[in-house]
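So you can see what is in the structure, the chains are spelled out below.
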Amino acid sequence: MHIPIIRPVLGDEELENVGKCLASGYLTQGQFVARFEKSVSDHLACRHAVAVTSGTAALHLALLALGIGPGDEVVVPSLTWVATANAVAYVGATPVFADVRPETFTLDPDDLVRALTPRTRAVVAVHLFGLCADMAEISRIAADRDLFLVEDAACALGSSYGGRPAGTLGHVGCFSFHPRKVITTGEGGMLTTEDDGLDSALRELRNHGCAPLPAGSPPWAMPDVPRCGYNYRMTDIQGAIGCAQMGKIEAILAERARLAAVYTELLASSSLILPAVPEDRVHSWQSYVVRFRTTAARNAAAERLAAADIECRPGTHAAHRLRWQAGHALRTDCCPCATLCEDTSLALPLVHGMAREDQARVAALLCQD
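This write-up is about the structure you can find in this document.

1. Regarding the overall build of the protein chain
Stage number 1. Within the protein chain, the regular secondary structure consists of twelve helices and 14 strands.
Stage number 2. Compactness check: the protein chain gives a C-alpha radius of gyration of 21 Å against a globular reference of 21 Å for 369 residues, within 12% of the reference.
Stage number 3. The dimensions of the protein chain, computed from C-alpha atoms along their principal axes, are 70 × 55 × 35 Å.
Stage number 4. With 369 residues in all, the protein chain has 56% of them scored as buried.
Stage number 5. Long-range contacts, defined as pairs at least 24 residues apart, comprise 72% of the intrachain contacts of the protein chain with a sequence gap of at least 6.
Stage number 6. Here the protein chain has roughly 15200 Å² of accessible surface; of this, 55% comes from carbon and sulfur atoms.

The structure is reproduced here in structure tokens:
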């Protein structure tokens, strides 16, 4: 029986909302998007949430709104999907890679310090697989050096650090709603911030750079365009799906935590290195990622799963190794732990409603060596 790596949790609520959107005839950014933004800001207890077309677009606009550009350096953890570093390049800045702590897969504050130079303007902390980075230490380092702190919380809706939700721990948070994330709008993203000025800038940048019309403007008035922007507007169809998804987010998070607990129980006596969750953090379990002792053992397990029609994949890139990044990696000896994690990690299927027998079958195939 085929087991996918994930299956979005979609049902009648999403169909009903999309039907209402289609019946309205208003398909671009509208009331469903506004409702979706409010549901996310309410869930996170943050001041502003700004919907965009993808998590990558969110990262791009975050850096633009913070004024990052040519000549600047931005430190990013090497172990991350390539979008994190791509967004830095989009604004003309240079991504500088720092290593991760292999037990949590997140940015190593000690290596962050070693990656800083006089040109560093910002740090992107990635909450990989749904576990927050060490934000207390990273925030201290950023504050001491007057750096902007961006959260790549693409995987982390529902995660928290020290009782505070991911996306509220830096100057701006960036979420993704890709189908592999905890909730989905197909594609889509969201920025979160407490800063009124950043919120205004982000809303202009996502809409071609257009400023809001002044109060009392006639309905036919054209907007002023004070900056060069982008068409990163979320459609109301996506917003309609997002509203329905937010209505079930607590149930989705609880189910993912249940599935993760079953894997941890089944694999407790194996030789695999299981995900670590420090006591000060709540994991959203966007992915359940294990590590093997060797690359050969990981590859053999992945082949066994594939032969059994069970999907899996390495955790993510060690982004400093990607071909286009070669000219940007300023530290030629960087990131051995990120390299190790890419070469030995495997993300396991986490499917809503997955039977214990199916998880046991996955666990058995992992542990045959």
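2. Details of the pairing of strand β3 (residues 94-98)
Two faces make up the sheet, and in a regular strand the side chains alternate between them.
Stage number 1. Burial within β3 is extensive, with five of its five residues counted as buried.
Stage number 2. Side-chain alternation along β3 places Thr94, Val96 and Ala98 on one buried face and Pro95 and Phe97 on a second face that is also buried.
Stage number 3. Where the polypeptide runs from strand β2 (residues 73-77) across helix α4 (residues 83-90) and back to β3, its parallel neighbour, the crossover connection is right-handed.

3. A few points about the sheet that holds strand β8 (residues 160-161)
Stage number 1. Taken in spatial order, the three strands line up as β9-β8-β12 in an open sheet, and their pairing is antiparallel. Each end of this open sheet is capped by a strand with a single partner; those strands are β9 (164-165) and β12 (281-282).
Stage number 2. The pairing of β8 with β9 spans two bridges and is classified as antiparallel. When the sheet's bridge partners are listed, Ser160 is paired in β9 with Pro165.

4. Looking at the environment of Thr192
Stage number 1. Checked against the element boundaries, Thr192 lands in strand β11 (residues 189-193).
Stage number 2. By relative accessible area, which is 0% here, Thr192 ends up buried.
Stage number 3. Residues Thr192 and Ala296, spaced 104 residues apart in sequence, show a C-alpha to C-alpha distance of 41 Å.
Stage number 4. Thr192 has contacts with Val40, Leu44, Cys46, His48, Ala49, Gly167, His171, Val172, Gly173 and Phe175, leaving out every residue within four places of it along the chain.
Stage number 5. Among the polar contacts listed, one links the side chain of Thr192 to the backbone oxygen of Gly167, at a separation of 2.7 Å.

5. Comments concerning the environment of Pro226
Stage number 1. Inspection of the secondary structure assignment puts Pro226 in the loop between α7 (196-205) and α8 (236-246).
Stage number 2. Setting aside anything within four residues of it in sequence, one finds Pro226 in contact with Glu204, Gly209, Cys210 and Ala211.

6. Notes on the side chain of Glu151
Stage number 1. With respect to the helices and strands, Glu151 occurs in strand β7 (residues 148-152).
Stage number 2. It is Arg164 that comes nearest to the buried, bridge-free Glu151 among opposite-charge side chains, at 6.8 Å.
Stage number 3. Engagement of the side chain of Glu151 in a polar contact is seen with the backbone nitrogen of Gly167, the distance being 2.8 Å.
Stage number 4. Polar contacts involving the side chain of Glu151 include one to the main-chain amide nitrogen of Leu169, which spans 2.6 Å.
Stage number 5. When residues no more than four places from it in sequence are discounted, the contact partners of Glu151 are Ala125, His127, Met135, Ala166, Gly167, Thr168, Leu169, Gly170, Val172, Gly173 and Cys174.

7. Some details on the packing of helix α2 (residues 31-44) against α8
Stage number 1. Between α2 and α8, the least distance of the axes is 7 Å, while the angle of their chain directions is 35°. Considering how the two elements wind past one another, α2 and α8 form a crossing that is left-handed. In contact with Gln31, Phe32, Val33, Arg35, Phe36, Ser39, Val40 and His43 of α2, α8 contributes Asp236, Gly239, Ala240, Gly242, Cys243 and Met246.
Stage number 2. For the contact of α2 with α8, the class distribution of residues is seven nonpolar, five polar and two charged.

8. Some remarks on the environment of Gly353
Stage number 1. Position of Gly353 relative to the elements: it lies in the loop between β14 (345-348) and α12 (356-366).
Stage number 2. For Gly353 and Ala296, which are 57 residues apart along the polypeptide, the C-alpha to C-alpha distance reads 31 Å.
Stage number 3. The contacts of Gly353, once residues within four sequence positions are left out, are Glu255 and Arg258.

9. Some thoughts on α8
Stage number 1. Counting buried positions along α8 yields ten of eleven residues, so the element is predominantly enclosed.
Stage number 2. Listing the buried residues of α8 in full gives Asp236, Gln238, Gly239, Ala240, Ile241, Gly242, Cys243, Ala244, Gln245 and Met246.
Stage number 3. Packing partners of the buried residues in α8 comprise α1 (12-24), α2 and α9 (249-267).

Parameters at a glance
Residue positions within a chain follow its written sequence, with the count starting from 1. Residue-level local features of this predicted model are given only where pLDDT is at least 70; pairs of side-chain atoms are given and counted only at 80 or more, and the full residue set underlies all totals for whole chains, interfaces and linings. Side-chain measures were taken over the full set of non-hydrogen atoms in the model, leaving aside hydrogen atoms and water. By the criteria applied, helices consist of DSSP H or I runs no shorter than four residues and strands consist of E runs no shorter than two, each listed in order from the N terminus. C-alpha atoms define the radius of gyration, and 2.2 Å times the number of residues to the power 0.38 defines the globule rule. Per-residue accessibility, obtained with a 1.4 Å probe over protein chains only, is compared with the maximum for each type, and a residue is labelled buried under 20%, exposed over 50%, and partly exposed between these values. Any two residues having at least one pair of non-hydrogen atoms within 4.5 Å are treated as being in contact. Only the protein chains shown count as covering a residue, and every accessible area follows the Shrake-Rupley method with a 1.4 Å probe. Clockwise travel from the first strand over the helix to the second, with the strands pointing away from the viewer, marks a crossover as right-handed. A strand pair is defined by DSSP finding two or more bridges across the two strands. Polar contacts, as used here, are pairs of N or O atoms within 3.5 Å; protein pairs need one atom able to donate a hydrogen and one able to accept it. Residues neighboring in sequence count only if both atoms are side-chain atoms. Charge assignment in this entry is limited to Lys and Arg as positive and Asp and Glu as negative, and neither His nor the chain termini are counted. The rule for a salt bridge is simple: a side-chain nitrogen of Lys or Arg has to be within 4 Å of a carboxyl oxygen of Asp or Glu. In this analysis, axes come from line fits to C-alpha atoms, helices being fitted only over the stretch in contact, and the angle between any two N-to-C directions falls in the range 0 to 180 degrees. For any pair of crossing helices, the crossing counts as left-handed if the nearer helix is rotated counterclockwise from the farther one by less than a right angle, and right-handed if it is rotated clockwise. Think of it as three bins: nonpolar holds Ala, Val, Leu, Ile, Met, Phe, Trp, Tyr, Cys and Pro, charged holds Asp, Glu, Lys and Arg, and polar takes everything else, Gly as well.

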